[in-house]
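Listed below, chain by chain, are the residues.
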Amino acid sequence: MDEKWLRAMFANAVAQRPPTPHLVPGCVRAGARLKRRRRIEAAAGSVAAVALIAAVIPAAAGAFGPAGRSSAAPARIPALATAYATIGTDTV
């Protein structure tokens, strides 16, 4: 493949198609849109991953806590009962 043959092929290809003056600026704009979209998708994915981790860690910590209780919910303390006794009888 020599240079003359390559130039002839290029001239033939260019002559057969209409001129495209907006091709390069359009491609630059499309590339910028694609780059912006990828940055937004990466940011959204990062936020989703952080939210998932923030939701899973407390749930996992609660599952392995004492008696399977969540550390966020306080344990219920049973109400104390009052007993009355009278002097001189064996009943309560």
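Above: the structure in question.
Predicted, not measured: the structure shown is a model, and the values here were computed from it.

**Some points on the overall build of the protein**
Now for step 1: If you tally the helices and strands in the protein, you get 2 helices and 0 strands.
Now for step 2: Burial analysis of the protein (92 residues in total) assigns 1% to the buried set.

**Focus on a nonpolar patch on the surface**
Now for step 1: On the surface, Trp-5, Leu-6 and Met-9 cluster together into a nonpolar patch covering about 310 Å² of accessible area.
Now for step 2: Within the fold, Trp-5 resides in helix H1 (residues 3-16).

**Comments concerning the pattern of salt bridges**
Now for step 1: Evaluated as defined, the whole model comprises 1 salt bridge.
Now for step 2: Measuring nitrogen to oxygen at the nearest pair gives 2.9 Å for the salt bridge that ties Glu-3 to Arg-7. Residue Glu-3 and its partner Arg-7 are both found in helix H1; the two are separated by 4 residues, about one turn of the helix.
Now for step 3: Judged by its relative accessible area of 53%, Glu-3 falls in the exposed class.

**A look at a positive patch on the surface**
Now for step 1: Judged by side-chain charge, Arg-29, Arg-33, Arg-36, Arg-37 and Arg-38 come together as a positively charged surface patch.
Now for step 2: With respect to the secondary-structure elements, Arg-38 resides in helix H2 (residues 23-63).
Now for step 3: Residue classification places Arg-38 among the exposed residues on the basis of a relative accessible area of 54%.

Parameters at a glance
- Residues numbered from 1 in each chain as written.
- Predicted model: local features only at pLDDT ≥ 70, side-chain atom pairs only at ≥ 80, totals over all residues.
- Heavy atoms only, no water.
- Helix = DSSP H or I, 4+ residues; strand = E, 2+ residues; numbered from the N terminus.
- Buried < 20%, exposed > 50% of the residue type's maximum accessible area, 1.4 Å probe, protein only.
- Patch = residues over 30% accessible without salt bridge, like charges linked within 9 Å, V, L, I, M, F, W, Y side chains within 5 Å.
- Areas by Shrake-Rupley, 256 points an atom, 1.4 Å probe, with all protein chains shown as cover.
- Salt bridge = Lys/Arg side-chain N within 4 Å of Asp/Glu carboxyl O.
- Lys, Arg positive; Asp, Glu negative; His and termini not counted.
- Charge placed at Lys NZ, Arg CZ, Asp CG, Glu CD.

Distances and angles like these do not, on their own, reveal function.
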